[in-house]
Amino acid sequence: NEVTSNEAPPSNEVPSNEAPSNEVTSNEVPSNEAPSNAQGSDDAPSGEAPSPAKSSKEAPSNEAADRTPARGEGGRFGSLSEGQDAGASPPCWSFASTVPGDLSCSPGRPWALKLVLPGGEERNLSLLEDTLEELLKEAAKASGFRLPIVRVIEDADAPVGLAVEPGVPLCRAARLVHDARLAVEDFEKTFVDTLAGGLLRLQDLAAVAPLLAWEKPELPRLLLGRLRSLLEGSCEAWCKAAGCSAESELSYGRALLRFLYADKPLEKRLEVIKQLLPVEKRDDKTLLKVKRKQFLRTALSGLQKLSAVQLRRQFAVQFEGEVAEDHGGPRRDFFGTFGARLLAELPALWKQLPRGALVPVADLVAELTPKSKMAGFGDAASVYRACGRACGLAARFGDVVGEEFAEFFLHQVARDDTVPLEELQKQLSHAEGPGDIRASQAVLSKPLVELGLQPTLSRIISHTQVEVELVPGGRDVEVTDDNKAEWLQLHLHNKLYGSLRKAADSFREGILDVFGGSRRTCPLLVLLSPSELARLWAGACVGPEQLRRWREVAVVSQEVQKQADWFWELLEEGDEELRGGILKFATGVHRIGGLGLQCFEVQPADGGDESLPGAMTCANMLQLPRYTTKAALDKQLRKAIELCDGFQVL
């Protein structure tokens with residue numbers, strides 16, 4: 001993971017104006033102002049439909065349903081305005097200016113280009129595949145160069161190298177048009193010279209990446225070392241010397257990361273993400289103190305006070321009044337407890353969907369939430385940012401929070417692409433269940449009259465009386481069978497994305513505080529899909545396959561082999577709740593992480609049939625007395641699960 005010898009080594013710390021204290025207490029009420037993110041934030045998702053909201057002074061109501069107001073319904077904004085003729089045509093309106101467009105170009109085949117060789121000779125090129133690799137191969141054939149680099153003559157700043165990212169068309173990345181003229185240059189000597197001088201830019205590396213021998217360790221090491229420095233913010237002097245900006249280098253770094261690792265197994269991608277974090281110093285640790293009786297309040301306020309530097313150091317948790325030094329167990333307990341308490345202690349800001357996934361309440365609902373229901377915070381954005389920090393730290397250490405976040409919410413956290421209607425319907429079905437008519441094909445194939453729908457281009461936010469317009473003046477625009485597909489896309493996009501934009505932005509900022517970068521360049525968000533993020537944080541219940549893996553990695557002392565055999569039998573006979581309780585007792589968390597349980601030990605403990613078992617959660621160790629019967633083991637194990645609260649027995 002080291003930078004090549006000719007490159008300045010990355011700094012291990014991010015400049016910070018905060019006090020260097022590593023210990024964070026959490027008894028004080030946090031300020032209402034969220035800390036600023038040194039890395040900056042992304043713009044709103046491109047193509048997002050406007051959602052101007054009508055202000056409302058009414059408190060949120062749990063009785064109102066999430067629906068589109070029917071045209072003509074009394075008391076709703078969808079009704080005809082006073083004096084309007086019921087037979088009059090609806091206001092003129094076009095979907096073309098509001099529906100998110102397709103960001104990819106449609107060049108057709110073949111793609112006609114002109115290659116301009118160093119001597120001025122022009123070669124016509126019909127590019128059969130819209131990829132950087134195909135272009136470079138054709139350029140090599142035409143020029144005879146072993147390592148050609150291609151630049152757009154009419155647009156010298158065209159980011160050709162961004163096309164190295166899988167799935168990104170060359171024409172879109174390089175802003176090409178038909179018959180565009182491309183200069184072909186010999187980059188081999190420049191590559192060697194800038195590499196030796198430590199000034200090889202990721203921009204140039206990406207532009208020739210398909211022709212390089214990435215199986216050799218030097219290039220991946222250079223890439224990861226440079227990216228780590230960029231994410232830490234310690235590359236300003238280098239960027240100035242190389243004639244580039246940190247922001248542009250991070251963009252090319254994203255493309256190269258996905259080029260090299262997007263198709264690798266999850267374990268390998270998580271390893272790469274970990275390598276991009278600052279190098280940890282043994283004696284440099286951040287300690288977070290929390291109270292179990294005020295868990296979420298003290299946890300979130302403590303997390304909010306940490307600087308970016310502190311979030312990227314070694315991290316340990318101390319539960320007030322409990323004697324336990326954190327070598328992993330208390331930390332796992334912290335994240336598992338965080339997930340379990342999130343909905344119970346913050347029901348005003350988080351809700352559970354019919355299929356069990358968690359999602360923030362709509363931004364408009366969060367803004368109407370009294371401060372007394374926000375765990376001591378003054379605004380919802382700070383709460384969501386602290387939640388993002390907790391999840392970012394959990395991902396950094398491979399720990400689970402034990403709750404599944406809705407995939408459409410994580411899509412908005414991690415991605416800025418346009419979501420097509422078919423995918424929106426799938427996401428709604430996954431969250432709400434297949435019974436919702438908006439997720440079915442019937443709403444598109446059957447007439448609106450037959451379905452009993454008379455929608456307008458506005459919707460009522462769930463559990464409120466607040467109406468938002470899907471387009472300007474949408475409450476007065478009638479939807480017909482001719483434009484209902486566009487209406488449905490706008491409606492679902494607002495429900496699943498637009499109404500949660502502020503919450504997603506704040507949650508993302510918390511993740512970026514831990515990993516650095518932006519939505520498009522943060523390694524965690526670049527290399528993991530939204531569904532993988534959901535599974536990473538949720539973990540898996542202890543089903544038959546997980547139990548088999550658990551037993552495979554277990555090391556059992558011969559002194560308690562008989563008791564261990566009974567133990568496995570009890571796990572096989574028990575349900576998932578019992579298995580989860582035993583797992584939490586022994587490891588600190590009730591669900592298994594994305595990479596599975598890596599180690600487990602069963603060791604002897606003093607005592608007999610009347611003694612409780614013990615555990616060392618940092619080592620994933622269960623300590624069993626020498627019980628004389630399986631029934632005695634069962635009784636004491638269940639009793640330990642019931643009585644144990646944290647790192648003590650009540």
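Our structure is the block above this text.
Residues numbered from 1 in each chain as written. Predicted model: local features only at pLDDT ≥ 70, side-chain atom pairs only at ≥ 80, totals over all residues. Heavy atoms only, no water.

Caption draft 1: Structural detail: the pairing of strand β2 (residues 111-116). Across six bridges, the pairing between β2 and strand β3 (residues 122-127) is antiparallel. Bridge pairing in β3 places Ala 112 opposite Ser 126. Where β2 folds back on β3, the antiparallel hairpin that results is connected by five residues, among which Gly 120 adopts a positive phi of roughly 100 degrees. Where β2 and strand β5 (residues 180-186) come together, four bridges link them in parallel fashion. Within β5, the residue paired with Val 116 across the bridge is Ala 183. (Pairing = 2+ DSSP bridges. Helix = DSSP H or I, 4+ residues; strand = E, 2+ residues; numbered from the N terminus.)

Caption draft 2: Representation of the sheet that holds β2 within the structure. Taken in spatial order, the four strands make up an open sheet running β3-β2-β5-β4, and their pairing is mixed. The sheet terminates laterally at β3 and β4 (148-152), the two strands that pair on one side only. Each adjacent strand pair in this sheet contributes to an overall mean axis angle of 35 degrees, direction not counted. Alignment of β4 against β5, held across five bridges, turns out to be antiparallel. Residue Pro 148 lies in a different strand from β5, and its bridge partner there is Asp 186. In this fold helix α1 (residues 132-143) packs onto β2, β3, β4 and β5, with an angle of close to 110 degrees to the strand it touches most, β4. (Axes fitted to C-alpha atoms, helices over the stretch in contact; angles between N-to-C directions. Contact = heavy atoms within 4.5 Å.)

Caption draft 3: Inspection of the nonpolar core at higher detail. Within the largest apolar cluster, 150 residues are counted, with the highest numbers of intra-cluster contacts made by Trp 350, Leu 524 and Trp 537. Broken down by element, this core gets its largest block of residues, 10 residues, from helix α13 (residues 380-397). The contacts of Trp 350, once residues within four sequence positions are left out, are Leu 342, Leu 343, Leu 358, Val 359, Pro 360, Val 361, Tyr 384, Cys 387, Phe 405, Phe 409 and Phe 507. (Core = buried A, V, L, I, M, F, W, Y, C linked by side-chain atoms within 4.5 Å. Buried < 20%, exposed > 50% of the residue type's maximum accessible area, 1.4 Å probe, protein only.)

Caption draft 4: Region of interest: the side chain of Arg 508. Note on placement: Arg 508 falls in helix α19 (residues 501-515). Take Arg 508: its relative accessible area is 2%, and that puts it in the buried class. For Arg 508, the side chain forms a polar contact with the side chain of Asp 505, separated by 3.1 Å. Contact partners of Arg 508, with chain neighbours within four places excluded, come to Gln 412, Val 413, Arg 519 and Leu 525. (Polar contact = N/O pair within 3.5 Å; in protein donor to acceptor, adjacent residues only side chain to side chain.)

Caption draft 5: Region of interest: the pairing of strand β15 (residues 621-624). Relative to β15, strand β13 (residues 600-604) runs parallel, the two being bridged by four bridges. Along β15, the bridge assignment pairs Pro 604 with Leu 624. In this sheet, β15 lies alongside strand β14 (residues 614-616) in antiparallel orientation, the contact comprising three bridges. Note on β15: the bridge partner recorded for Gly 614 is Gln 623. Linking two consecutive strands that pair antiparallel, namely β14 and β15, is a turn of four residues; a positive phi of about 55 degrees is found at Asn 620 within it.

Caption draft 6: Region of interest: the packing of helix α14 (residues 407-414) against α19. Between α14 and α19, the least distance of the axes is 8 Å, while the angle of their chain directions is 65 degrees. For the element pair α14 and α19, the recorded crossing hand is right-handed. Contacts from Phe 409, Leu 410, Gln 412 and Val 413 of α14 reach α19 at Arg 501, Ala 503, Ala 504, Phe 507, Arg 508 and Ile 511. Grouping the amino acids of the contact of α14 with α19 by side-chain chemistry returns seven nonpolar, one polar and two charged. (Left-handed = near helix turned anticlockwise from the far one by under 90°. Nonpolar A, V, L, I, M, F, W, Y, C, P; charged D, E, K, R; others polar.)

Caption draft 7: A look at the sheet that holds β15. Spatially, β12-β13-β15-β14 is the arrangement adopted by the four strands of the open sheet, whose pairing is mixed. At either margin of the open sheet sits one strand with a lone partner, and together these are β12 (554-556) and β14. Geometrically, the sheet is characterised by an average inter-axis angle of 20 degrees between neighbouring strands, direction not taken into account. Helix α22 (residues 544-553) contacts β12 and β13 of the sheet and is inclined by roughly 50 degrees relative to β12.

Caption draft 8: Looking closely at the packing of helix α15 (residues 421-432) against helix α18 (residues 484-496). Where α15 meets α18, the axes come as close as 10 Å, and the angle between the chain directions of the two elements is 50 degrees. Of the possible angle classes, the one that applies to α15 and α18 is oblique. Considering only the axes of α15 and α18, their crossing is left-handed. Contact with α15, carried on its side by Leu 421, Leu 424, Gln 425, Gln 427, Leu 428 and Glu 432, involves Ala 485, Leu 488, Gln 489, Leu 492, His 493, Lys 495 and Leu 496 of α18 and no other residues of that element. Split by residue class, the contact of α15 with α18 holds seven nonpolar, four polar and two charged. (Parallel < 35°, antiparallel > 145°, perpendicular 65-115°, else oblique.)

Caption draft 9: View of the pattern of salt bridges. Under the definition given, this model contains 40 salt bridges. Measuring nitrogen to oxygen at the nearest pair gives 2.6 Å for the salt bridge that ties Arg 331 to Asp 399. Here the residue Arg 331 occupies a position in helix α11 (residues 329-345), and Asp 399 occupies one in the loop between α13 and α14, the gap between them amounting to 68 residues. The exposure class of Arg 331 is buried, given its relative accessible area of 12%. Between Glu 345 and Arg 341 there is a salt bridge, and its shortest N-O distance comes to 3.0 Å. In this pair, Glu 345 and Arg 341 both sit in helix α11, four residues apart, roughly one turn of the helix. Accessibility expressed as a relative area gives 25% for Arg 341, which makes it partly exposed. Each of Arg 292, Glu 322, Asp 333 and Lys 584 takes part in salt bridges that share partners, so that together they form one network. (Salt bridge = Lys/Arg side-chain N within 4 Å of Asp/Glu carboxyl O.)

Caption draft 10: Local environment of α18. Look at α18: 18 Å from first C-alpha to last across 13 residues, which is about the 18 Å you get at 1.5 Å a residue. Of all 13 residues in α18, 11 are buried, a share of seventy percent or more. Residues of α18 that are buried include every one of Lys 484, Trp 487, Leu 488, Gln 489, Leu 490, His 491, Leu 492, His 493, Asn 494, Lys 495 and Leu 496, and no others. Along its buried surface, α18 packs onto α14, α15, α16 (442-445), α17 (448-451), β10 (458-460) and β11 (467-469). (Expected span 1.5 Å × (residues − 1).)

Caption draft 11: Just the environment of Val 361, in detail. Relative to the helices and strands, Val 361 resides in the loop between β9 (358-360) and α12 (363-367). For Val 361, the residues in contact, after removing those within four places along its chain, are Ala 348, Leu 349, Trp 350, Lys 351, Ala 366, Tyr 384 and Leu 500.

Caption draft 12: Layout of unusual backbone geometry. Despite not being glycine, Arg 175 shows a phi value in the positive range, around 55 degrees. With a phi angle near 70 degrees, Asp 179 is a residue other than glycine that sits in the positive phi range. Relative to the assigned elements, Asp 179 resides in the loop between α2 (170-173) and β5.

Caption draft 13: Fine view of the packing of aromatic side chains. Applying the stated criterion across every chain yields a total of 21 aromatic pairs. Relative to Phe 507, the ring of Phe 409 has its centre 5.4 Å away and its plane inclined at 65 degrees; by these criteria the two rings are edge-to-face. Of this pair, Phe 409 sits in helix α14 while Phe 507 sits in helix α19, and the two are 98 residues apart along the sequence. This pair shows no difference in class: Phe 409 is buried, exactly as Phe 507 is. Both rings, one in Phe 507 and one in Trp 537, keep their centres 6.2 Å apart while their planes meet at 90 degrees; by these two values the pair is edge-to-face. Of the two residues, Phe 507 sits in helix α19 while Trp 537 sits in helix α21 (residues 530-538), which places them 30 residues apart along the sequence. Judged by its relative accessible area of 0%, Phe 507 falls in the buried class. Cluster of aromatic residues (ring-pair linked, three or more members): Phe 295, Phe 315, Phe 319, Phe 334, Phe 335 and Phe 397. (Phe/Tyr/Trp six-rings, centres within 6.5 Å; stacked < 30°, edge-to-face > 60°.)

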